[in-house]
Structure formats: C-alpha cells, structure tokens
Amino acid sequence: VEVVESGGGLVQTGGSLRLSCRVFETDISDYDMDWYWQPPGKGRELIAQDKRNGELIYADSVKGRFTLSRDNDRQMAFLQMNSLKPADTGLYYCNAYKTIYKSYWGEGIQVTVSS
C-alpha cells in the first residue's frame, strides 16, 4: 500500500491550500484517513481525522479553518486549509489507518505560510 500526498507549497498568511492524499492498492472505505502536522523541530501532531464511519474530528488549532473530505471511489482524501497562518507551517502527513498492523503513511508534504 502506498500513500502519496500532494498540494503543498508556499502561501501567504490568510491564503488557502488543498492537500490531497492518494492511496494505492487498498480500499480506503475501510480506513480512517488522518492528517498529521509536524512543525519545524517538533514532533508529529494529529490535527484532523476522517473516520471510516463518517465522523470528522478536528484539533482545536484547525477547527473552523480546515475541512476534511474524501472520495472513496478514487481512493483519495483531502484537507482543505483556509485562513492559513505562519504557525501552520510544517510537514503534513496523511495516514490511512485500519488497525495498528494496517497503518500506512505518506512521506509528508511541506506547507509554508509566509507572513
């Protein structure tokens, strides 16, 4: 199973980006599609969960600004990021999670928000 993120880049404060996560060789309808954020020099933090039962969960830091969605037919998940701040800068990772033995990560994608 391969997970590939795309859509990152450089954006100004207040701007938007849409991250995409493509999963190969599995059916993501059986998976939670989670997004993690790793700021420079710090650990990885769970910021948004698109659970397989349809529940959407957001960390307080992104609630109201970020929106999850998925397209199970295309094996893709998305993170729409609006009102971006310099504090949102970091690496963003997509994780397809079914069990502890079936948890697949992308390599991460850089998002940089300039002030």
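Look up: the structure comes first, before these words.
Given the structure is predicted, the values throughout are model-derived calculations rather than measurements.

About the cut-offs
- Residues numbered from 1 in each chain as written.
- Predicted model: local features only at pLDDT ≥ 70, side-chain atom pairs only at ≥ 80, totals over all residues.
- Heavy atoms only, no water.
- Pairing = 2+ DSSP bridges.
- Helix = DSSP H or I, 4+ residues; strand = E, 2+ residues; numbered from the N terminus.
- Core = buried A, V, L, I, M, F, W, Y, C linked by side-chain atoms within 4.5 Å.
- Buried < 20%, exposed > 50% of the residue type's maximum accessible area, 1.4 Å probe, protein only.
- Contact = heavy atoms within 4.5 Å.

Caption draft 1: Seen up close, the pairing of strand E10 (residues 102-105). With four bridges connecting them, strand E9 (residues 90-99) and E10 associate as antiparallel partners. When the bridges of E10 are listed, Tyr97 appears paired with Ser103. Following E9, the chain reverses through two residues before pairing antiparallel with E10.

Caption draft 2: Expanded view of the nonpolar core. Core analysis: the largest hydrophobic core is formed by 28 residues, its most contacted members being Met33, Trp35, Ile47, Leu79, Met81 and Tyr92. Ranked by residue count, the leading element in this core is strand E3 (residues 17-24), at four residues. Not counting residues within four places of it along the chain, the set of residues in contact with Leu79 comprises Leu17, Arg18, Leu19, Trp35, Ile47, Ala48, Phe66, Thr67, Leu68 and Tyr92.

Caption draft 3: Region of interest: unusual backbone geometry. In the Ramachandran plot, Glu25 falls in the positive-phi region, its phi being about 70 degrees despite a non-glycine side chain. For Glu25, the position within the fold is in the loop between E3 and strand E4 (32-38). For Ser83, which is not glycine, the phi dihedral falls at a positive 50 degrees. When you line up the elements, Ser83 lands in the loop between strand E8 (76-81) and E9.

All we've got here are geometric facts, nothing functional implied.
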